[in-house]
Amino acid sequence: MTLFYGTELASRLMLGTAQYPSPEILADAVRRAGAGVVTVSLRREAAGTRAGQAFWALIRELDVPVLPNTAGCHTVREAVTTAQMAREVFGTDWIKLEVIGESDTLQPDMFALVEAARILTEDGFRVFPYMTEDLVGAERLLRAGCEVLMPWGAPIGSGKGLNNLFGLRALRAHFPDVPMVVDAGIGVPSHAAQAMELGYDAVLINTAVAKAGNPAEMARAFAMAVEAGRMAYIADPMEERDMAVPSTPVIGQAVL
Amino acid sequence: MQIQVNGEHHDVTAASLAALLDELGYDATARVATAVDGCFVAASRRATHPLHDGAQVEILAPMQGG
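Residues numbered from 1 in each chain as written. Chains lettered and ligands numbered in written order. Predicted model: local features only at pLDDT ≥ 70, side-chain atom pairs only at ≥ 80, totals over all residues. Heavy atoms only, no water.

Draft legend 1. Geometry of the nonpolar core. Counting 84 residues, the largest nonpolar core has Phe4, Leu97, Val127, Val203 and Ile205 of chain A as the members making the most contacts within it. It is helix H3 (residues 76-90) of chain A that provides the largest number of residues to this core, a total of seven residues. When residues no more than four places from it in sequence are discounted, the contact partners of Leu97 of chain A are Thr70, Ala79, Leu113, Ala116, Ala117, Leu120, Val127, Phe128, Pro129 and Tyr130 of chain A. If you look at the next biggest cluster of nonpolar residues, it comprises 17 residues, including Leu17, Val32, Val41 and Ala55 of chain B. (Core = buried A, V, L, I, M, F, W, Y, C linked by side-chain atoms within 4.5 Å. Buried < 20%, exposed > 50% of the residue type's maximum accessible area, 1.4 Å probe, protein only. Helix = DSSP H or I, 4+ residues; strand = E, 2+ residues; numbered from the N terminus. Contact = heavy atoms within 4.5 Å.)

Draft legend 2. Quick look at the side chain of Thr92 of chain A. All names here are of chain A. Structurally, Thr92 can be placed in the loop between H3 and strand S6 (94-97). On the basis of relative accessible area, Thr92 is assigned to the buried category, the value being 16%. Of note is the side chain of Thr92, whose polar atom sits 3.0 Å from the backbone nitrogen of Trp94. The contact partners of Thr92, leaving out residues within four places of it in the chain, are Val66, Pro68 and Arg87. (Polar contact = N/O pair within 3.5 Å; in protein donor to acceptor, adjacent residues only side chain to side chain.)

Draft legend 3. Inspection of the pairing of S6 of chain A at higher detail. All names here are of chain A. The side-chain alternation of S6 yields two buried faces, one formed by Trp94 and Lys96 and the other by Ile95 and Leu97. The sheet contact formed by S6 and strand S9 (residues 126-131) spans four bridges and is parallel. Bridging from a neighbouring strand, Lys96 pairs with Phe128 of S9. (Pairing = 2+ DSSP bridges.)

Draft legend 4. Quick peek at the pattern of salt bridges. Inspection of every chain in the model, using the stated rule, returns eleven salt bridges over all chains. Of the charged contacts, one joins Arg32 of chain A and Glu217 of chain A as a salt bridge, the two residues approaching to 2.4 Å between their closest N and O atoms. You can see Arg32 of chain A sitting in helix H1 (residues 23-33) and its partner Glu217 of chain A sitting in helix H9 (residues 215-234), a full 185 residues away along the chain. Residue Arg32 of chain A is classed as partly exposed on the basis of its relative accessible area, which comes to 33%. Salt-bridge contacts for Glu88 of chain A lead to Arg46 of chain B; the nearest nitrogen and oxygen are separated by 3.4 Å. A residue pair is termed interchain when its members come from two chains, as with Glu88 of chain A in helix H3 and Arg46 of chain B in the loop between strand S4 (39-41) and strand S5 (56-64). (Salt bridge = Lys/Arg side-chain N within 4 Å of Asp/Glu carboxyl O.)

So, in structure tokens, the structure goes:
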């Protein structure tokens, strides 16, 4: 059992809610994914519309725990203020903390991230920090009060999968008891299965489902991959070898 | 009074943040969060939070996110 700040989730698949062709398709994808958490954000509403209120009604109807993000924030101050606003609107102290440091890769600014995580933890937030796979950064985030880590697989929306397998494996090995989620960069279900096989506790997917030709089917495919990967991790995979080893017994082989 | 709301110029009569929301057509149950000059203002403090000329107000609503 994995606990995220004391809560066991119904599924190890976390799903983003952005970029779907329609609210109906989003709802369908969330249901087919059996998502354990959905991520949400705060934005200005276009003048005259009340799109946010309709979106909130949809999320309530789906009845899945929400994880608000601080997407788009580039400074500690922006991220902290956004988190405070999100806590009030969404009624949760969970926050997916993003502090972006580089615009092309949307790479987290680890220095600002640690500082924002410290401020928010002291203010009672349960912080899910979106981070690089940096071991030292991870240590600092844990020291700042984070009890969950969310390393990236690859840049947000890139669909490249797990760019640094060594780094993710090392992070997992260094902090075996910390719940960890691979967030960002996953493109297809096999990437998600791979993250789970490495021993990650969950994955967070958005673009790969929302931008699929059939988001609901892709959501289901990801759910199956996450389950398969987790099961494989628990079943303790064989060790990789460079050379062939016959699987059929050699003893008893006929001499012809 | 001249203020900015979500980056747009507004000429308003409201003296408090709560009155501003009312003036802009948000009803009391609207699920929005507010900030003035970069600082979060909780819903419970909107009625007593005064606005000043040139204030930068943000009114944010739930939205899709990744």
